Amino acid sequence: MRLENGSRVIIVGGGPAGSFAALHLLRLAAEASLRLEVMILEARDFNRPGPGGCNKCAGILSSTVIRKLQTLGLSLPPDVIQTEIEAYVLHLGGAQLPIRRPDATRRIFSVYRGSGPRLGQPQFPRSFDGWLLDQARERGVDVRRARAQTIRPGVRPAVATAHDRWEADLVILATGVNARAPLAAEWGYRPPRTETMAQDEVPLPSGFLDSSVHIFFDHPPGLIFGGLIPKGRYANISLLGRKLPPDAVSDFLEGQGLTSLFPNGSALLCGCAPRVVIAPASGYYADRFAAVGDAAITRLYKDGIGASFITAEAAARAAVERGLSRADFAAGYRPVCQRIAADNLFGRLLFRSWDATRGSPFLMKAWRRAIVAEADQPPATRIHTRILWGMFTGDESYRQIFLLSIGRRALAEFLQGMIQNRREG
Ligand SMILES: Cc1cc2nc3c(=O)[nH]c(=O)nc-3n(C[C@H](O)[C@H](O)[C@H](O)COP(=O)(O)OP(=O)(O)OC[C@H]3O[C@@H](n4cnc5c(N)ncnc54)[C@H](O)[C@@H]3O)c2cc1C
C-alpha cells in the first residue's frame, strides 16, 4: 500500500486542513519524484459573505502559522490581511491591562475565513480559506465545488457526491466539526467532542479597538473568554465558553457595558454558533484513510489553523514516506496527534489555574502587580507578558507556557506581588 505515479488522493473538505494537506502532499511527492492526482471536494463558496461562505472563527493567524506558510512557498497577500494585531487588552474587574507583543518578530494578523459579515457592504474582504484553496488549484489540484455524501471503505475507498463517484488510493477527511463527516460506519471513526461557541460581527467602533484585541471574562455565565477582534472595517466578537445561551453575544455586549459603542442600536451583522473541538476524534486513520485538522484533533481554544497545518503535514508525510496502511499512519501520524493531545493537558491545567486566580481577588491583585512591575523591563524579559501573549495567540505550546509560569522568575514576581498585597493590608 504505497503511493505510486498517478495515484489518486481525494481530500474531502477544502478548509485550511484540506488545502494544507493537498499542498504538503504535492510538495513531498515532488521531493520523492512522485506524480499524484490530487482532488479537493469543497461544499462552500468562500466568496459569499455571511456564515454560508465562511468557516466561522475569530480569524487570528498565529506567528507560527504565518512562518510555516513559507515552507509551502506561500506568503499572505496584503488583501487577505485585515489587521495586524499589536496588543491584547484584558478587561479585568473594571481595569484594562494591555499585553503588548513581546517581540517584533512575532507578528499576528486577523483574516476573514469567508467574505465578511452577512450584512456587510462592498468592498467585500478576501477570504483566507478561498486564497489557500486558490494556491492549491494553482499548483495543480483539481478543486471541485461539491459536497461528498459518502466515503466507503474498500480495496480502493470510494467517495460519492450527488452526481459523481470516484475511487481513490487515499482519502483524506478534512471536513472539520461543523458538518457531519460523510463516512460509512465501517470506518469506525468517532468525531471529536465539541462545544458550541457564539460569534458575530459588528462595525468597528471608532477609536476603541485600533489594532488591539480586547478580551473579557465573567459574563455571560459559562464564558471562558470573549474577544473583540479588529478585522478591517469590522470587529469580530468570539465567545469561547461552556453551554453558552443562544443570545450570548447580545447578552455579552450588554453585560460588559459595550452597547454604548453602537449608538444607533443593534449593530450585529452576522451571527453563528460554530463548534469548537475539546477532545480528539478516535479511529481517525485506517488503511488508505486519514482525518486531519479539526476532524482529528486541534489545540485547545487556540491556533486551530496552526494545528491544521501540523496534522495535514504529518498525515501527508506518513502517506508519502511510509505508506498508506493503518500501521503506516499509526507509526508516522498518530504520534504527532498524540503530542497535540498531551500539550492540551497543559492547556487545561493553565486554564484551571487562570480560573482559580480570577476567582481570588488576592491572587488577581498579586498577578496584576507582577505584570505592572515588569512593564519597565526590556520586552524579551517580560515573563508574564509572554505567558499571556502565548495563551491567547497560540504562539507557544501550552507546555512551554506552563514551564514558564512555574519557573523561578515568574513565581518570584508573583510572590513579590502577594507580599506587597499583605503589606498594604
Ligand atoms: C469561535 C471560534 C473561534 C476560533 N478562532 C480561531 C482563531 O482565531 N484562530 C485559529 O487558528 N483558529 C480558530 N478557531 C479554530 C478554527 O476555526 C479551526 O481549528 C479550523 O477552521 C480547522 O480547520 P479545518 O480545515 O479542519 O476545518 P474547517 O475550517 O471547519 O473546514 C472544513 C471544510 O470542509 C468542508 N466540508 C464539510 N463537509 C463537507 C463535505 N461532506 N463535502 C465537501 N466539503 C465539506 C466545509 O465546507 C469546510 O470548508 C476558532 C474556532 C471557533 C469555533
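Before reading on, note that the structure itself is shown above.
Computed from a predicted model, the values in this text were never measured in an experiment. (Residues numbered from 1 in each chain as written. Predicted model: local features only at pLDDT ≥ 70, side-chain atom pairs only at ≥ 80, totals over all residues. Heavy atoms only, no water.)

1. Some thoughts on the site of the ligand
- The local shell around the ligand holds 37 residues, among which Glu42, Asn55, Ile60, Ala148 and Asp294 are the closest.
- Within the side chain of Arg113, one N or O atom sits 3.0 Å away from an oxygen atom of the ligand.
- Asp294 has a polar side-chain atom sitting 2.8 Å from an oxygen atom of the ligand.
- The fraction of the free accessible surface of the ligand (1000 Å²) that becomes covered by protein chains is 94%.
- Elements that contribute at least two residues to the shell around the ligand include exactly helix H1 (16–31), strand S2 (37–42), strand S18 (275–279) and helix H5 (304–322).
- With three residues, the single largest contributor to the shell around the ligand is H5.
- Considering only residue class, the shell around the ligand consists of 18 nonpolar, twelve polar and seven charged. (Near = heavy atom within 4 Å. Polar contact = N/O pair within 3.5 Å; in protein donor to acceptor, adjacent residues only side chain to side chain. Areas by Shrake-Rupley, 256 points an atom, 1.4 Å probe, with all protein chains shown as cover. Helix = DSSP H or I, 4+ residues; strand = E, 2+ residues; numbered from the N terminus. Nonpolar A, V, L, I, M, F, W, Y, C, P; charged D, E, K, R; others polar.)

2. Things to note about unusual backbone geometry
- Each neighbour pair has its own omega, and for Pro122 with Gln123 the value is -5 degrees, a cis peptide bond.
- In this fold, Gln123 is placed in the loop between strand S7 (108–111) and helix H3 (128–138).
- At Asp218, a position not held by glycine, the phi torsion is positive, near 80 degrees.
- Relative to the helices and strands, Asp218 resides in the loop between strand S15 (212–216) and strand S16 (223–231).
- A relative accessible area of 58% places Asp218 in the exposed class.
- Phi angles above zero are rare outside glycine, and Asp303 is one such case at about 50 degrees.
- Here Asp303 lies in the loop between strand S20 (289–291) and H5.
- Relative accessible area serves as the criterion here: at 11%, Asp303 is assigned to the buried category. (Buried < 20%, exposed > 50% of the residue type's maximum accessible area, 1.4 Å probe, protein only.)

3. A look at the pattern of salt bridges
- All chains considered together, the criterion is met by 23 salt bridges.
- Note that Arg106 and Glu396 form a salt bridge whose closest N and O atoms lie 3.1 Å from each other. Linking Arg106 in the loop between strand S6 (95–100) and S7 with Glu396 in the loop between helix H9 (383–393) and helix H10 (398–405), this pair joins segments that are 290 residues apart in sequence.
- A relative accessible area of 11% places Arg106 in the buried class.
- Using a relative accessible area of 6% as the deciding quantity, one classes Glu396 as buried.
- Linked by salt bridges that have partners in common, Arg27, Glu31, Glu313, Arg317 and Glu321 make up one network. (Salt bridge = Lys/Arg side-chain N within 4 Å of Asp/Glu carboxyl O.)

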